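Residue-level structure breakdown
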Amino acid sequence: MPSVLLTDSISVELGAQEPWPADVKLFQQYEVEQILLPDNANCLAVQAFLKMSRLNFTLDMRGNAEHMSPSGRVPFIKAGAFVVAELDPIVAFVANKGVSLTEGLDTTQKADMRAYMSLVSNVLANAELYISWIDQITYDEVTKSRYGSVYPWPINRILTHQKRNQIIRRLRVLGWKQKTLEEVYSEVEHCCSALSERLDNNDFFFGNRPTELDALVFGHLFTLLTTPLPDNRLATIVRSFANLVKLCQIIEKDFFERNNGGSSNGNGEGDYDKLEDLNQVPQEM
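No experiment lies behind these values; they were computed from the predicted model shown. (Residues numbered from 1 in each chain as written. Predicted model: local features only at pLDDT ≥ 70, side-chain atom pairs only at ≥ 80, totals over all residues. Heavy atoms only, no water.)

1. Examining the overall build of the chain
Scanning the chain from N- to C-terminus turns up 11 helices and five strands. Put simply, the chain has 285 residues, and 52% of those count as buried. On the chain, roughly 13300 Å² of surface is accessible, and the fraction owed to carbon and sulfur atoms is 48%. (Helix = DSSP H or I, 4+ residues; strand = E, 2+ residues; numbered from the N terminus. Buried < 20%, exposed > 50% of the residue type's maximum accessible area, 1.4 Å probe, protein only. Areas by Shrake-Rupley, 256 points an atom, 1.4 Å probe, with all protein chains shown as cover.)

2. Describing the packing of helix α6 (residues 136-147) against helix α7 (residues 155-174)
Here α6 crosses α7 at 130°, and the two axes come no closer than 10 Å. In terms of orientation, α6 lies oblique with respect to α7. Of the two possible hands of crossing, α6 and α7 adopt the one that is right-handed. Across the interface between the two elements, Gln-136, Tyr-139, Lys-144 and Tyr-147 from α6 touch Leu-159, Thr-160, Lys-163 and Arg-164 from α7. (Axes fitted to C-alpha atoms, helices over the stretch in contact; angles between N-to-C directions. Parallel < 35°, antiparallel > 145°, perpendicular 65-115°, else oblique. Left-handed = near helix turned anticlockwise from the far one by under 90°. Contact = heavy atoms within 4.5 Å.)

3. Points about the layout of surface pockets
A volume near 680 Å³ is recorded for the largest pocket. Secondary structure elements with two or more residues in the lining of the largest pocket: α2 (37-52), α4 (87-95), α5 (107-134), α7 and α9 (212-226). At 10 residues, the largest contribution of residues to the lining of the largest pocket is made by α5. Here the residues of the lining of the largest pocket are counted per class, giving 13 nonpolar, nine polar and nine charged. (1 Å grid on protein atoms, 1.4 Å probe; cavity = no way out; pocket = protein on both sides within 12 Å on 5 of 7 lines; lining within 4 Å. Points joined across faces, edges and corners; volume = space filled by probe spheres on them. Nonpolar A, V, L, I, M, F, W, Y, C, P; charged D, E, K, R; others polar.)

Right, here's the structure in full:
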């Protein structure tokens, strides 16, 4: 049976007719030699969401995962005959199977949650793209070699050049291409401040149970905290908000270590960086 690409709500509803398959796979690029800051954050957010939802999956790393995805972005899952890409459609797909992390929230809380998720996507995600593709030092020392690492010359150079042009056009439209590096750091700090104020002294953003907001924030902040870059100012900014670091610790312990022996997928396979010492930033490259 051919796979069905799920990119709209009507397709998502079709998946509700079947139970969660036992052989679900989550596809992303290779962690060690290829994946970049923005994609790693997105993949980790989806992994966290599925773990919070107690849904089993196996991590499948492919060099061409981005080009396999129906949306052109990672991660994506293959669940039976269905292929679903990115966090929001995956959340909708899971919800149509009767699994939700927000069933205890009222309408106002759900709207509040969506607003903060939008903040994370509009600030942290764009900042990660900026650092990886616009900042010349990071591009030269990290992005250029990693993005095309699985392809032979000259395809690696061509694909990297095409991707950079695509990201530049996107960030220009969003008003981020024109920002200075200091302005990007300031945006990240203000975003973290807003998240920290909302989290306050709680373990999660809404009570004692995590939602997809917690998964999304974890994906981005954990990645910023553990990814070595030529300039680790982003990690330093995040570490200045103790409750956000604590959130990452809690999610890492409860959903990545305790349940799966430190694995990066629901079947106990794969590795990921840990927040072993919160008093240190990742070593600069």
